Amino acid sequence: HPAARHRGVAFQLGMHLYKEARRQQLTTLTIKMVCSHLGSQLLAKNLGFHTTALLRDYVGSPFESGSFESVVVGVQTLQPKPVPTLSSMKTQPNTLALLSAPFGNKPPFAMPNLHIFPIEVFDSGERINVTLHQITGGVVNELAHLPYGRRIYIQTPINVMLAKYLPFFYQVGYRDAGLILDSHGEWVWLFQRGFKPQHLHLSCPIAQKLQEAAMC
């Protein structure tokens, strides 16, 4: 309601959720904010969230049918969640190294995760979501041949195999979208392709750098 604006209600609600999360001994809080609403981005910063990812053209716009809005992802850790060291990956963007500052860092996984399926693909109609469990030459070749006319979102483990194949992702048109925590509480690397180049309203330097790198 307009009369309730600028009275700190959202901040108080956010702090209540934070205290409740600590009481329940949760490990992580995550927030997603549309780029068209700078107020929510500033609120997240004031509540202690750190931007970790930029999901371009991620949700349908409530203002224009057939259009999509980009989303900023913020993370606040209630227990240590160090980011796998990125500096060993010679071709990785310097922007992603900034994400280790608020969370700390650790060496990346030396061995790939052994999973019954190396790749999972889900087509929601609006976008194609890809989860990589193992990174191999065959898997990355499949990613290259996904349709260029679709919005594709990939999450991949951060390990030595990613360092090996990272240049390939860029060569076939994928761009960095930052990091998020998966369902097991581990950091995963995000790639995107098929988003529409556009100006975004971003208050966080990390989100700004991710966007700048994607437009190159």
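Residues numbered from 1 in each chain as written. Predicted model: local features only at pLDDT ≥ 70, side-chain atom pairs only at ≥ 80, totals over all residues. Heavy atoms only, no water.

### A few points about the confidence of the model for the protein chain
Considering every residue of the protein chain, the mean pLDDT works out to 85; 88% of them sit at 70 or more. Within the protein chain, strand β7 (residues 128-132) carries the highest mean pLDDT (95), whereas helix α3 (residues 94-97) carries the lowest (65). (pLDDT = per-residue confidence, 0-100. Helix = DSSP H or I, 4+ residues; strand = E, 2+ residues; numbered from the N terminus.)

### Overview of the pairing of strand β2 (residues 50-60)
The buried count for β2 comes to 8 of 11 residues, which makes it a mostly enclosed element. Across 7 bridges, β2 lies against strand β3 (residues 68-77) in antiparallel orientation. Paired with Leu-54 across the two strands is Val-72, which belongs to β3. (Buried < 20%, exposed > 50% of the residue type's maximum accessible area, 1.4 Å probe, protein only. Pairing = 2+ DSSP bridges.)

### Digging into the packing of aromatic side chains
The final tally for this structure, using the stated rule, is 6 aromatic pairs. Centre to centre, the rings of Phe-103 and Trp-187 are 5.1 Å apart; their planes meet at 50 degrees, and the pair counts as tilted. Taken together, the residues span a long stretch of sequence, with Phe-103 in helix α4 (residues 100-103) and Trp-187 in strand β10 (residues 187-193) at a distance of 84 residues. You can call Phe-103 buried: its relative accessible area is 9%. Residue Trp-187 is classed as buried on the basis of its relative accessible area, which comes to 4%. For the ring pair Phe-169 and Phe-191, a centre distance of 4.3 Å and an interplane angle of 0 degrees mean the geometry is stacked. Placement of the pair is Phe-169 in helix α6 (residues 160-171) and Phe-191 in strand β10, with a sequence separation of 22 residues. Accessibility expressed as a relative area gives 1% for Phe-169, which makes it buried. Site record: aromatic cluster; members linked through ring pairs are Phe-169, Tyr-170, Tyr-174, Trp-189 and Phe-191. (Phe/Tyr/Trp six-rings, centres within 6.5 Å; stacked < 30°, edge-to-face > 60°.)

### Some remarks on the nonpolar core
Judged by nonpolar contacts, the single largest core of 44 residues is most densely connected at Val-130, Leu-132, Leu-143, Ile-154, Phe-169 and Tyr-174. In this structure, Ile-154 is in contact with Val-130, Leu-132, Leu-143, Phe-169, Tyr-174, Trp-189, Leu-190 and Phe-191, ignoring residues within four places of it in sequence. Grouped together as the second largest cluster of nonpolar side chains are 10 residues, Ala-53, Val-71, Ile-180 and Val-188 included. (Core = buried A, V, L, I, M, F, W, Y, C linked by side-chain atoms within 4.5 Å. Contact = heavy atoms within 4.5 Å.)

### What to know about the packing of helix α5 (residues 137-144) against α6
At a minimum axis separation of 10 Å, α5 and α6 run at an interaxial angle of 15 degrees. By the criterion of interaxial angle, the relationship of α5 to α6 is roughly parallel. When you trace α5 past α6, the crossing you get is right-handed. Contacts between α5 and α6 involve Gly-137, Val-140, Asn-141, Leu-143 and Ala-144 from the first element and Tyr-165, Phe-168 and Phe-169 from the second. Taken together, the residues of the contact of α5 with α6 sort by class into 6 nonpolar, 2 polar and no charged. (Axes fitted to C-alpha atoms, helices over the stretch in contact; angles between N-to-C directions. Parallel < 35°, antiparallel > 145°, perpendicular 65-115°, else oblique. Left-handed = near helix turned anticlockwise from the far one by under 90°. Nonpolar A, V, L, I, M, F, W, Y, C, P; charged D, E, K, R; others polar.)

### Structural notes on the side chain of Gln-192
Residue placement: Gln-192 occurs in strand β10. By relative accessible area, which is 1% here, Gln-192 ends up buried. Side-chain polar atoms of Gln-192 contact the backbone oxygen of Arg-56, separated by 3.1 Å. (Polar contact = N/O pair within 3.5 Å; in protein donor to acceptor, adjacent residues only side chain to side chain.)

### A word on the side chain of Thr-51
Residue position: Thr-51 is located in strand β2. Residue Thr-51 is classed as buried on the basis of its relative accessible area, which comes to 12%. Not counting residues within four places of it along the chain, the set of residues in contact with Thr-51 comprises Val-72, Val-73, Gly-74, Leu-99, Cys-204, Ile-206 and Ala-207.

### Describing helix α2 (residues 38-46)
The set of residues buried in α2 consists of Ser-40, Gln-41 and Ala-44. Seen end-on, α2 carries its buried residues on one side only, within an arc spanning 105 degrees. Exposed residues lying more than 90 degrees from the buried face of α2 are Lys-45 and Asn-46. Contacts made by the buried residues of α2 are with β1 (28-34) and β3. After α2 finishes, the residue Gly-48 shows a positive phi value of roughly 100 degrees. (Arc of directions from axis to C-beta.)

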